[in-house]
Amino acid sequence: MMTREEIINEINKEIVDEYEIDPSEIKPDAIVYDTLHLDSLSLVDLIGIVQYKFKVLIPTSDIRTIKTFKDLYDYIESHLPKEQ
């Protein structure tokens, strides 16, 4: 099972690579959409990264519940497959 710190480090690394932002912009209470300047297409990319890296499916109905990076970390942590 991945630790929360491993989850945060891994997703932040992927976000920095994908969205070419400064790692210092990724703070737990920062709003994901604003920080990454997401539109609906880049949101699909972010969901794809989460699904690929963590094997965590994010249904459309749950996307609205993820506002901050902390929400994203919490979601990944609580939905990780148990056999990791």
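Residues numbered from 1 in each chain as written. Predicted model: local features only at pLDDT ≥ 70, side-chain atom pairs only at ≥ 80, totals over all residues. Heavy atoms only, no water.

Asks: What's the story with the packing of aromatic side chains in this structure? I'm lost.
Replies: What characterises a pair of aromatic rings is the spacing of the ring centres plus the angle enclosed by the ring planes. Counted under the stated rule, the structure contains zero aromatic pairs. One cation-aromatic arrangement involves lysine 55 over tyrosine 52; the distance from NZ or CZ to the ring centre is 5.1 Å. (Phe/Tyr/Trp six-rings, centres within 6.5 Å; stacked < 30°, edge-to-face > 60°. Lys NZ or Arg CZ within 6 Å of the ring centre and 35° of its normal.)

Asks: Explain the nonpolar core here, please?
Replies: It is characteristic of soluble globular proteins that their nonpolar side chains tend to be buried jointly. Within the largest apolar cluster, 26 residues are counted, with the highest numbers of intra-cluster contacts made by Ile11, Ile15, Leu36 and Ile76. Mapped by element, the contributors of at least two residues to this core are α1 (4-19), α2 (32-36), α3 (40-54) and α5 (69-79). A total of six residues in this core trace back to one element, the largest contributor, which is α3. Isoleucine 11 has contacts with Ile49, Val50, Phe54, Leu72, Tyr73 and Ile76, leaving out every residue within four places of it along the chain. (Core = buried A, V, L, I, M, F, W, Y, C linked by side-chain atoms within 4.5 Å. Buried < 20%, exposed > 50% of the residue type's maximum accessible area, 1.4 Å probe, protein only. Helix = DSSP H or I, 4+ residues; strand = E, 2+ residues; numbered from the N terminus. Contact = heavy atoms within 4.5 Å.)

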